[in-house]
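One-letter residues, chain by chain:
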Amino acid sequence: GDSVTQMEGPVTLSEEAFLTINCTYTATGYPSLFWYVQYPGEGLQLLLKATKADDKGSNKGFEATYRKETTSFHLEKGSVQVSDSAVYFCALNTGTASKLTFGTGTRLQVTL
Amino acid sequence: DTAVSQTPKYLVTQMGNDKSIKCEQNLGHDTMYWYKQDSKKFLKIMFSYNNKELIINETVPNRFSPKSPDKAHLNLHINSLELGDSAVYFCASSGRDRDQPQHFGDGTRLSIL
């Protein structure tokens, strides 16, 4: 079946540091890939997505590239802010009944 | 305007009770979902409805029963609540295309005493 593996958290960084959150997947089909962010006390929000190999999704300074050869979709940001502190979820959708498969989430804590 | 709204935001109740959570979306989406998020933030899909028809029913106790009166609403009824049901329940909706993201409500935190 489909699965998503994310790096364990929490990830603690100082403001303006470089961020990488690793995400790899296994899928029976050709998935669409997503990063969602969950701020404290809120629901999940779409951060970015990529729907085919070599696509780069980007939003709010975050980027992720769909790498089919390594089945990866790592999230990066060049300079994090305190306001980026949240839980980040990698997810995939192979189109089977619109079912999203989530990773376990990675908590990011950014300090001054 | 809130895109996906669920009520109540907090639900505290005793073991053995029956409770319902309501969800409404005003995005015109055909598909709606219920997810359960445990204390470690792990998210698991429970149900999915497409245009009022059940299309995903994961391994969920039959004490949980979704109901979709129309494609803008998907309610979740839970019978005989147990301690292990304590979690945050999220409703979501999306269009038909798998490339379209899911839009989530703010969640209902269910606490069983």
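Up top is the structure.
Residues numbered from 1 in each chain as written. Chains lettered and ligands numbered in written order. Predicted model: local features only at pLDDT ≥ 70, side-chain atom pairs only at ≥ 80, totals over all residues. Heavy atoms only, no water.

Caption draft 1: Representation of the pairing of strand β12 (residues 106-111) of chain A in the model. Residue and element names in this part refer to chain A. Burial along β12 is one-sided: Thr106, Leu108 and Val110 are buried, and none of Arg107, Gln109 and Thr111, which face the opposite way, are. In the sheet, strand β2 (residues 11-14) pairs with β12 via four bridges, with the strands oriented parallel. Its bridge partner being in β12, threonine 12 is matched across the sheet by glutamine 109. Bridge analysis of strand β10 (residues 86-93) against β12 gives three bridges, and the strand direction is antiparallel. Of the residues in β12, the one forming a bridge with tyrosine 88 is threonine 106. (Buried < 20%, exposed > 50% of the residue type's maximum accessible area, 1.4 Å probe, protein only. Helix = DSSP H or I, 4+ residues; strand = E, 2+ residues; numbered from the N terminus. Pairing = 2+ DSSP bridges.)

Caption draft 2: Quick peek at the interface of chain A and chain B. With 24 residues of chain A in contact, the opposing surface of chain B contributes 23 residues. In total, chain A and chain B occlude about 1,900 Å² of area from one another, counting both sides; carbon and sulfur atoms represent 54% of this. Joining chain A to chain B, the criterion identifies zero salt bridges. Across the chain A-chain B interface, the total number found is four residue pairs in polar contact (both at pLDDT 80 or more). Of all the elements in the fold, those that place two or more residues in the side of chain A that touches chain B are β5 (32-38), β6 (44-50), β10 and β11 (100-102) of chain A. Looking at the side of chain A that touches chain B, the element that brings in the most residues is β5 of chain A, giving four residues. Broken down by class, the residue content of the side of chain A that touches chain B amounts to 10 nonpolar, 10 polar and four charged. (Contact = heavy atoms within 4.5 Å. Buried area = accessible area lost by both parts, 1.4 Å probe. Salt bridge = Lys/Arg side-chain N within 4 Å of Asp/Glu carboxyl O. Polar contact = N/O pair within 3.5 Å; in protein donor to acceptor, adjacent residues only side chain to side chain. Nonpolar A, V, L, I, M, F, W, Y, C, P; charged D, E, K, R; others polar.)

Caption draft 3: How the structure looks around the nonpolar core. Grouped together as the largest cluster of nonpolar side chains are 26 residues, with contacts concentrated most on Leu19, Trp35, Leu47, Leu48, Phe73, Leu75 and Tyr88 of chain A. Contributing elements (two or more residues each) for this core: β2, β3 (19-21), β4 (23-26), β5, β6, β8 (62-65), β10 and β12 of chain A. When residues in this core are grouped by element, the largest group, four residues, is from β10 of chain A. If we skip the residues at most four places from it in the chain, leucine 47 of chain A touches Trp35, Tyr36, Val37, Asn59, Lys60, Phe62, Leu75 and Tyr88 of chain A. Residues Val4, Tyr49, Phe64 and Leu76 of chain B belong to the second largest nonpolar core, which totals 20 residues. (Core = buried A, V, L, I, M, F, W, Y, C linked by side-chain atoms within 4.5 Å.)

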